[in-house]
Amino acid sequence: MHKLLGKLFLLGALVLAVLAAAFAWVALSPIGMQREPVEFTVAPGSSLRAVTREIAAAGADLDPWLLLLLGKLMRVEASIKAGSYQVGQGVTPLDLLRKLSRGDVTQAELTFIEGWTFRQMRERLDAHPDLRHETVGLSEAEIMRLLGAPNDAAEGVFFPDTYLFAKRSSDIDLLARAYRAMRRHLAREWPAREEGLPYRDAYQALIMASIVEKETGRDVDRAQIAGVFVNRLRQGMLLQTDPTVIYGLGERFDGNLRKRDLLADTPYNTYARAGLPPTPIAMPGLASLQAALHPSRTEALYFVARGDGSSHFSRTLDEHRQAVTRYQRGGKS
């Protein structure tokens, strides 16, 4: 009897060893691919069973039971991370499960450019193929409510940068990241500002930074342009900056700024209204924000574009008129 039990035990152990070896061989063997790479998306809250179906439907020759059993043995069946994934030739079921449990997702990127308006940002968001477009058709006010900032205007409050994200991420999540980034920069830069600046708060500094962003052709002029506008605010002069007028015209602007546009009274016409406009007119970058908070100490009250991207600065109106004649009228009065 003891001999029989011993033989049965050995046989059972041998069977288990063979099964374990077979399972290990399958778990460590490359998964067949109907196409390469295989791309699939794991929705939030998906079970491992649902994930295996998604992977198989994407073109991987994967037996669902194998990944389920492997997940249970590794105790990661409840640790699958949502996101977009990509696998290629040579990946094994064990590799795949580790990738899913680590959240090793594929990434896309989107760049917001300094000087863009919120309308331009939305156009880029709406055109991106790797985003979930949840803001399509929403008003700016509705978007800001979703971001938890119902009292904020959308213009200028997002930080221009390149953002990496998992494919099929929500566009509202990307906007939230850009919004938080601008708030962080403002929170860091505002307390370090020069003393005596004519801004009531950090938001007014952001408005000034957006004007500096649109007026600057070369980085070297940025702080001096900010200095001119700060001087004008201190002396109670009109800012008289074309980009604010153009922003106020919106889609009516056809590329040609006319005298009647400079005379039209809108909240953004700094030829007609004193002080800063009510909101930023674009996304300022960090350099423009720092220029607005650390403007050059200059006596200049005027500047004009030279035509090569740089600006000529003048202290008096007569000097400015001469510069305009020289650089914008070809020397003709």
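Starting afresh in each chain, residues are numbered from 1 along the sequence in its written order. Where totals are concerned, whole chains, interfaces and linings use all residues; where local detail is concerned, this predicted model gives features only for residues with pLDDT of at least 70, and gives and counts side-chain atom pairs only at 80 or more. With hydrogens and water stripped out, all remaining heavy atoms of the structure feed into the side-chain values.

This paragraph deals with the pattern of salt bridges. In what follows, salt bridge is the name for a side-chain nitrogen of Lys or Arg lying within 4 Å of a carboxyl oxygen of Asp or Glu. With the rule as written, the count across this model stands at 15 salt bridges. The residue Arg 102 makes a salt bridge to Asp 104 at a minimum N-O spacing of 3.6 Å. One salt bridge in this structure joins Arg 119 and Glu 123, with 3.0 Å as the shortest N-O distance. Placement of the pair is Arg 119 and Glu 123 together in helix α5 (residues 118-127), with a separation of four residues, close to one helical turn. In this scheme, a residue with accessible area under 20% of its type's maximum is buried, one over 50% is exposed, and one in between is partly exposed, where area comes from a 1.4 Å probe on protein chains only. Relative accessible area serves as the criterion here: at 45%, Glu 123 is assigned to the partly exposed category. Labels follow the DSSP assignment, with helices taken as runs of H or I lasting at least four residues and strands as runs of E lasting at least two, numbered in each case from the N terminus.

This paragraph deals with the environment of Asp 171. Here Asp 171 lies in helix α7 (residues 171-189). C-alpha separation for the pair Asp 171 and Val 136, spaced 35 residues apart in sequence, amounts to 9.4 Å. Once you skip the residues sitting within four places of it in the chain, Asp 171 turns out to touch Leu 125, Leu 131, Arg 132, His 133, Glu 134 and Thr 135. There is a polar contact of 2.8 Å between the side chain of Asp 171 and the side chain of Thr 135. We call two residues contacting when some pair of their heavy atoms lies within 4.5 Å. Throughout this description, a polar contact denotes any pair of N or O atoms lying within 3.5 Å of each other; where both atoms belong to protein, one of them has to be capable of donating a hydrogen while the other can accept it, and for residues adjacent in sequence the pair is counted only when both atoms sit in side chains.

With that settled, consider a nonpolar patch on the surface. Exposure above 30% relative accessible area and the lack of any salt bridge qualify a residue for a patch; like charges then connect within 9 Å, and the nonpolar side chains Val, Leu, Ile, Met, Phe, Trp and Tyr within 5 Å. Values of accessible area rely on a 1.4 Å probe in the Shrake-Rupley scheme; residue burial ignores everything except the protein chains shown. Together, Trp 65, Leu 69, Leu 73 and Met 74 make up an exposed nonpolar region whose accessible area comes to about 400 Å². Its place among the elements puts Trp 65 in helix α3 (residues 64-74).

Right, let's talk about the nonpolar core for a bit. For our purposes a nonpolar core is just a set of buried Ala, Val, Leu, Ile, Met, Phe, Trp, Tyr and Cys residues, chained together by side-chain atoms within 4.5 Å. In this structure, Phe 112, Phe 158, Leu 175, Tyr 199 and Met 208 are the most contacted members of the largest nonpolar core, which totals 56 residues. Those elements giving two or more residues to this core turn out to be β5 (107-111), α5, α6 (140-146), β7 (162-166), α7, α8 (202-215), α9 (222-235) and α12 (286-293). Looking at which element gives the most residues to this core, the answer is α7, with nine residues. Sequence-distant contacts of Tyr 199, defined by excluding residues within four places in its chain, comprise Trp 190, Gln 204, Ala 205, Met 208, Val 230, Leu 233, Leu 276, Ala 292 and Leu 293. Grouped together as the second largest cluster of nonpolar side chains are 23 residues, Ile 80, Tyr 85, Val 91 and Leu 96 included.

The subject of this paragraph is the confidence of the model for the chain. Each residue carries a pLDDT score, the predictor's confidence in it, ranging from 0 to 100. Residue-level pLDDT values for the chain average 87, and 90% of them are 70 or greater. Averaged over each element, pLDDT in the chain is lowest for helix α1 (residues 2-27) (49) and highest for α12 (98). Note on residues 13-23: pLDDT is under 50 here. Beyond four places in sequence and across chains, it has five contacts.

Turning our attention to the packing of α8 against α9. Helix axes use the C-alpha atoms of the stretch in contact, all axes being lines fitted to C-alpha atoms, and the angles between their N-to-C directions lie in the range 0 to 180 degrees. In contact at an axis separation of 9 Å, α8 and α9 are set at 130° when each is read in the N-to-C sense. Relative to α9, the element α8 is oriented oblique. Relative to α9, α8 is oriented so that their crossing is right-handed. Contact with α8, carried on its side by Met 208, Ile 211, Val 212, Glu 213 and Glu 215, involves Arg 222, Ile 225, Ala 226, Phe 229, Val 230 and Leu 233 of α9 and no other residues of that element. Within the contact of α8 with α9, the residues separate by chemical class into eight nonpolar, no polar and three charged. Relative orientations are named as follows: roughly parallel for angles under 35 degrees, roughly antiparallel for angles over 145 degrees, roughly perpendicular for angles from 65 to 115 degrees, and oblique for any other angle. Crossing handedness is read from the near helix: turned anticlockwise from the far helix by less than a right angle, it gives a left-handed crossing, and turned clockwise, a right-handed one. Note on residue categories: nonpolar means Ala, Val, Leu, Ile, Met, Phe, Trp, Tyr, Cys or Pro, charged means Asp, Glu, Lys or Arg, and polar means any other residue, Gly included.

This part is about the packing of aromatic side chains. Working definition: a ring pair exists when centres of Phe, Tyr or Trp rings (six-membered ring for Trp) sit within 6.5 Å. Plane angles under 30 degrees give stacked, over 60 give edge-to-face, the rest tilted. Scanning the model with the defined rule gives seven aromatic pairs in all. Seen from their ring centres, Tyr 247 and Tyr 268 are 4.9 Å apart, and the 65° between their planes marks the pair as edge-to-face. Here Tyr 247, found in helix α10 (residues 242-249), pairs with Tyr 268, found in the loop between α11 (259-263) and α12; they are 21 residues apart in sequence, far enough to count as distant. Take Tyr 268: its relative accessible area is 14%, and that puts it in the buried class. Here the aromatic residues Phe 118, Phe 158 and Tyr 179 are joined through ring pairs into a cluster of three or more. Over the ring of Trp 190 we find Arg 193, and its NZ or CZ is 3.7 Å from the ring centre. Lysine and arginine charges are scored as sitting over a ring when NZ or CZ, respectively, is within 6 Å of the ring centre and within 35 degrees of the ring normal.

Time to look at α9. The terminal C-alpha atoms of α9, which comprises 14 residues, lie 20 Å apart, in line with the 20 Å expected from a rise of 1.5 Å per residue. When you tally the buried positions in α9, you get 10 out of 14 residues, the bulk of the element. Looking at the buried side of α9, the elements it contacts are α8, α12, β9 (302-305) and β10 (311-314). Of the residues one or two after α9, Gly 236 is the one with positive phi, at around 75°. Expected helix span is taken as 1.5 Å per residue step, with the number of steps being one fewer than the number of residues.

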